[in-house]
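# Per-entry structural report
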Amino acid sequence: MIKKTFYITTPIYYTNALPHIGGAYTTISADVLARWNRLLGKEVFFLTGTDEHGQKIQETAEKAGKKPQEFVDKIAQAFQEAFKMLNISNDNFIRTTNPYHEKEVKKILQKLYDQKYIYKGFYEAFYCVGCEQYKTESDLTYGKCPLHNRDVELRKEEAYLFKLSTFQDKLLRLIKSGKLNILPEERRKEIITFIEQGLKDISISRLKEKIYWGIELPFDKKHTCFVWVDAFWNYVSGLKTNQDKFWPADVQLMAKDIARVHATIWIALLLALKYKIPKMMFIHGYFMVNGQKMSKSLGNVISPVYLTATYGADSVRYYLLRNISFGSDGNVSESSLIDRHNNELANKLGNLIVRVSTLAEKYGISKTKITHLKSEKLIKTFFSYLDKFEFDKALNEAFTFIDACNTFVQDKKPWESKDKKVLYEISNAIKDVTILLSPFMPASCKKISQTFNFELSLKALKTPLQVNKIKKSEILFTKIEATPKIANTNLNKSPKIEGIMTPIDFKDWQKIELKVARIENVEDIEGADKLYKLTVNLGTEKRTICAGLKKFYTPSQLKGKKCIIFVNLAPKIMKGIKSQGMLLAAESPDRSQVTLIQPEKDIKEGSKVM
Ligand code: MSP
C-alpha cells in the first residue's frame with residue numbers, strides 16, 4: 001500500500017546571528033508535527049535550514065571582518081548543532097549558499113524572465129534591512145520599522161521587477177476559497193485586507209555593486225537576486241529528488257512577520273511558474289520581550305543552546321509548546337520553565353514512572369480489563385487538538401490523564417496491596433499517554449517505552465499492553481532546586497539577557513587575550529556624548545581605543561591609570577576613529593555606575609591577564 005505523504009517546512013533562518021529561541025520554537029513545532037505524522041504512519045519530509053544571502057548578512061559579515069561565506073558557514077553550523085541538541089528530526093537542512101540550490105534559483109529566474117514575469121524598470125520604495133522587506137508608509141512608525149526599531153532606507157534604483165500585481169485577483173480567490181488555507185482565521189483576514197489594498201510589482205534585484213552577496217541574475221550579471229525570491233525556492237529545492245513525491249507542502253509554518261510575503265510573493269512565484277501551491281500556511285505568534293518581538297536586531301534574544309544545556313531538550317520542547325497557545329503571542333520566562341519542569345515533568349510524570357516501574361519490577365503485572373484508566377477519550381481529544389495545532393490543549397489533556405493515574409495509584413496503594421492487576425492498569429495507561437506525548441518529548445518517551453516494553457506506534461496505542469518484565473526506571477526529570485541565573489526573572493522584562501543566556505565554550509574563552517595597559521591620553525570626540533578617545537600604552541606598543549566612559553570619569557581622573565585591555569578584538573570604526581581594543585569596566589545592575597577594572601597592585605604595562 002502506498003503511504004500517505006506529509007511535507008512540512010519552517011522558514012529558513014537568517015545567518016546574521018546565532019540561533020535564538022524564536023526560530024527554535026517554529027522548528028520544534030514542526031518537529032512535533034513531523035513526528036506526529038510519522039506516528040500516524042505517513043511518509044514525512046521535514047525541511048528546515050538557513051537563509052544565507054542578502055544585505056543584512058553581507059553587512060554583518062563585513063562588520064565582523066569576515067568573508068560572508070566564512071561567516072555563514074559558522075552560523076549555519078551553529079543552527080545545525082542547536083537543532084541536534086533539541087532532537088529535531090529534519091530530513092534535510094537546506095542552506096541557500098548550497099550550489100544545487102543556487103542553480104535551481106537561476107533556472108526559475110530565467111524561466112520567469114523568458115515568460116515576461118520579470119522586466120527591467122526603476123524602483124523606488126522604503127526598505128527595512130532588518131526585515132529584508134519593502135515597507136509601505138503605513139507600515140512605519142515615525143519613519144522607522146517598528147519591528148526592528150531602525151530607520152528604513154529609501155531605495156531608488158534601476159532594478160528588475162516581478163509582476164506581482166497581475167496575481168492580485170487570483171491570490172484573493174485562492175485564499176478566500178480556502179484552496180490556500182491560511183490559519184488562524186484572524187491572520188487570513190488580515191492578509192485578505194492587505195491584498196485588497198492593492199499589490200504593486202516588486203523589485204527582485206539589487207545592483208551587484210551594492211549587494212554582491214546574492215545569486216547573480218542569469219540574464220544580467222550586473223544584478224543579484226532579491227534575497228526573498230532566493231529564499232522561497234528553498235521549499236522546492238530542499239526536496240532535492242523528492243519533488244514529485246512531496247510537493248506541494250502540506251503545512252508551512254512561520255510567524256506573522258513573514259506571513260504577508262509568503263501569501264503574496266511566494267504564492268505568485270509558484271503560480272507564475274505553474275507549480276502547485278502549498279495546502280496550508282499556519283502562522284504562529286511571537287515570543288515577546290518588553291512588548292517587542294524577540295529578535296537578533298533588537299538584541300533581546302534567548303539562546304536555545306543555553307536552555308537546552310541547562311534543562312534538557314524535552315523540558316524545553318514541552319515548556320514552549322505547553323506555555324504558549326500556538327498562533328497567539330506569548331511570554332517565556334526561565335522561572336516558569338523551571339516551574340513546569342518541576343511540577344509537571346518531575347513531580348507528575350517523572351514520579352509516576354519511577355513509582356510504578358519500581359512496584360512493577362518488584363511485584364510484576366497481570367493482565368486485566370481496564371476499568372478506571374480508560375484512555376479512549378484522551379486519545380480522541382488529543383487527536384482533535386493536534387488536528388487544529390492546539391498543542392497546549394493537547395498537552396493539558398495528557399497531564400489531566402497523568403493526574404488521574406497518580407490519583408489512582410494513591411487510592412489503590414499497590415505498595416500495600418501488591419495488586420498486579422492495579423499495576424497492569426496503570427502501566428497500560430502509561431503506555432497510551434507516552435505514545436501520545438512522544439512527538440513532544442521523544443527522548444524521555446523512548447526511555448519510558450523501553451522500561452514498560454511497548455513500541456511507540458499507533459498499533460501499540462490500539463493494543464493492550466503485553467505482559468512483560470518491567471525494570472525500575474531511571475529518574476527522567478531531575479528536580480531543579482536552584483533559582484534561575486537571574487533570580488526569578490521573567491525574561492519578558494529583562495532586556496539584558498543575551499550575555500547571561502549564551503554560555504561560551506572554554507575553547508572560545510581561551511581565544512581572548514587580555515593585557516594590562518596605562519592610559520596615556522584622553523581626548524573628547526566631537527559629537528560623541530558617551531565616548532572618549534584614549535591612547536593606551538601596552539608596553540611594546542601604543543593603541544587608540546574608544547571607550548564609553550565620558551559620563552563616569554573626567555579625562556584627568558583617567559590619565560595615568562592602569563587598566564585591562566581586550567587586545568585581540570577586531571578593530572572597529574567608532575565615530576570615524578579606528579578603535580583597536582576594549583577596556584574592561586564593571587557596570588552596576590541598574591546601569592547608573594561604571595567603574596574601571598584595575599590591577600590590584602602596580603604591574604608593568606603589557607602584562608598578560610590570565
Ligand atoms: N529568512 C527569513 C525567512 C525566509 S523563509 C523563505 C526570515 N528569517 S528569520 O531568521 O528572521 O526567522 C523568521 C522566523 O523565525 C519567523 O517567521 C518565526 O518562524 C521565527 N521567529 C523569529 N523570531 C521569533 C519570535 N520572537 N517568536 C516566535 N517566532 C520567531 O524571516
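Not measured: the values here are computed from a predicted model.

Before going further, it helps to spend a moment on the pattern of salt bridges. Per the counting criterion, the structure on display carries 31 salt bridges. Between Lys120 and Asp220 there is a salt bridge, with the nearest N and O atoms lying 3.8 Å from each other. Here Lys120, found in strand E4 (residues 118-128), pairs with Asp220, found in strand E13 (residues 220-225); they are 100 residues apart in sequence, far enough to count as distant.

With that settled, consider the site of the ligand. The immediate surroundings of the ligand are formed by 26 residues, with Ile12, Thr26, Asp51, Ala255 and Phe287 found nearest. One nitrogen or oxygen atom from the main chain of Tyr14 is found 3.0 Å from an oxygen atom belonging to the ligand. Here Ala255 contributes a backbone N or O atom positioned 3.0 Å from an oxygen atom of the ligand. Burial of the ligand by the protein amounts to 97% of the accessible area it has alone, namely 670 Å². Among the elements of the structure, strand E1 (5-14), helix H1 (21-39), helix H7 (227-232), helix H8 (234-237) and strand E14 (251-255) are those that each provide at least two residues to the shell around the ligand. At 4 residues, the largest contribution of residues to the shell around the ligand is made by E1. For the shell around the ligand, a count of residues per class yields 14 nonpolar, 8 polar and 4 charged.

Their axes nearest at 10 Å, the elements helix H6 (residues 185-196) and helix H10 (residues 259-272) cross at an angle of 55°. When the axes of H6 and H10 are compared, the pair comes out oblique. Considering the relative orientation of H6 and H10, their crossing is right-handed. Judged by residue contacts, Ile191, Phe194 and Ile195 of H6 engage Ala259, Arg260, Ala263 and Thr264 from H10. Taken together, the residues of the contact of H6 with H10 break down into 5 nonpolar, 1 polar and 1 charged.

This part covers the sheet that holds E13. Within the open sheet, the 3 strands sit side by side as E11-E13-E12. Their pairing is antiparallel. Lying at the two open borders of the sheet, with one neighbouring strand each, are strand E11 (205-207) and strand E12 (216-217). Both E12 and E13 contribute to a ladder of 2 bridges, which runs antiparallel. Within E13, the residue paired with Leu217 across the bridge is Asp220.

Next up on the list: the domain arrangement of the protein chain. The domains assigned to the protein chain are domain 1 (5-293), domain 2 (334-462) and domain 3 (512-609). Inter-centroid distance (C-alpha atoms) of domain 1 to domain 3 is 43 Å.

Now for the pairing of strand E8 (residues 153-162). In the sheet, E4 pairs with E8 via 10 bridges, with the strands oriented antiparallel. The partner of Tyr127 across the bridge, within E8, is Glu153. The pairing of E8 with strand E10 (residues 202-203) spans 2 bridges and is antiparallel. What sits directly across from Leu161, in E10, is Ser203.

This part covers the environment of Tyr127. Considering the arrangement of structural elements, one finds Tyr127 in strand E4. Distance in space between the C-alpha atoms of Tyr127 and Leu154 is 6.3 Å, their sequence separation being 27 residues. Other than its neighbours up to four places away in sequence, Tyr127 contacts Gln55, Glu132, Gln133, Tyr134, Val152, Glu153, Arg155 and Phe226. Of note is the side chain of Tyr127, whose polar atom sits 2.6 Å from the side chain of Glu132.

The first and last C-alpha atoms of helix H13 (residues 334-363) sit 40 Å apart over 30 residues, in line with the 44 Å expected at 1.5 Å per residue. With 21 of 30 residues buried, H13 lies mostly within the body of the structure. Gly364 sits one or two residues past H13 and shows a positive phi near 80°.

The subject of this paragraph is the sheet that holds strand E3 (residues 92-95). Reading across from one edge, E3-E2-E1-E14-E15-E9 is the order of the 6 strands in this open sheet, with parallel pairing throughout. On the outer flanks of this sheet lie E3 and strand E9 (181-183), each paired with one strand and no other. Sheet twist, expressed as the average angle between the axes of neighbouring strands with direction ignored, equals 20°. Bridge count between E1 and E14: 2 bridges; the pairing is parallel. Considered in E14, the bridge of Ile8 is made with Val251.

This model, assessed by the stated rule, comprises 29 aromatic pairs. With centroids separated by 5.8 Å and ring planes inclined at 75°, the aromatic side chains of Tyr7 and Phe45 adopt a geometry described as edge-to-face. Here Tyr7, found in strand E1, pairs with Phe45, found in strand E2 (residues 43-51); they are 38 residues apart in sequence, far enough to count as distant. For the residue pair Tyr7 and Phe45, the accessibility class agrees, reading buried in each case. Seen from their ring centres, Trp233 and Trp266 are 6.2 Å apart, and the 75° between their planes marks the pair as edge-to-face. Of the two residues, Trp233 is situated in the loop between H7 and H8 and Trp266 in helix H10; the sequence distance between them amounts to 33 residues. Residues Trp233 and Trp266 agree in their burial class; the two are buried. Grouped by ring-pair contacts, the aromatic residues Tyr7, Phe45, Trp228, Phe232, Trp233, Tyr235, Phe246, Trp247, Trp266 and Tyr275 constitute a single cluster.

Turning next to the confidence of the model for the protein chain. Predicted confidence across the protein chain gives a mean pLDDT of 90, with 94% of residues reaching 70 or more. When the criterion is pLDDT under 50, residues 485-503 qualifies, and its contacts beyond four places in sequence or with other chains add up to 46 contacts.

Relative to each other, H13 and helix H18 (residues 442-452) sit at 15°, their axes nearing to 11 Å. Classified by the angle their axes make, H13 and H18 are roughly parallel. Judged by the twist between their axes, the crossing of H13 over H18 is left-handed. Between H13, through Ile353, Val356 and Ser357, and H18, the contact on the second element is made entirely by Ile448, Thr451 and Phe452. Tallied by class, residues from the contact of H13 with H18 come to 4 nonpolar, 2 polar and no charged.

With that out of the way, let us pick up the pairing of strand E15 (residues 280-284). In regular strands, side chains alternate between the two faces of the sheet. Summarising burial for E15: 5 of the 5 residues are buried, a large majority. What you see with E15 is no split at all: Met280, Phe282 and His284 on one side and Met281 and Ile283 on the other are buried throughout. Where E9 lies against E15, 3 bridges are found, and the strand directions are parallel. Its bridge partner lying in E15, Ile182 is registered against Met281. Looking at chain direction, E14 and E15 are connected through 4 bridges and run parallel. Its bridge partner lying in E15, Gln252 is registered against Met281.

About the cut-offs
Residues numbered from 1 in each chain as written. Predicted model: local features only at pLDDT ≥ 70, side-chain atom pairs only at ≥ 80, totals over all residues. Heavy atoms only, no water. Salt bridge = Lys/Arg side-chain N within 4 Å of Asp/Glu carboxyl O. Helix = DSSP H or I, 4+ residues; strand = E, 2+ residues; numbered from the N terminus. Near = heavy atom within 4 Å. Polar contact = N/O pair within 3.5 Å; in protein donor to acceptor, adjacent residues only side chain to side chain. Areas by Shrake-Rupley, 256 points an atom, 1.4 Å probe, with all protein chains shown as cover. Nonpolar A, V, L, I, M, F, W, Y, C, P; charged D, E, K, R; others polar. Axes fitted to C-alpha atoms, helices over the stretch in contact; angles between N-to-C directions. Parallel < 35°, antiparallel > 145°, perpendicular 65-115°, else oblique. Left-handed = near helix turned anticlockwise from the far one by under 90°. Contact = heavy atoms within 4.5 Å. Pairing = 2+ DSSP bridges. Domains from an automatic or database assignment. Expected span 1.5 Å × (residues − 1). Buried < 20%, exposed > 50% of the residue type's maximum accessible area, 1.4 Å probe, protein only. Phe/Tyr/Trp six-rings, centres within 6.5 Å; stacked < 30°, edge-to-face > 60°. pLDDT = per-residue confidence, 0-100.

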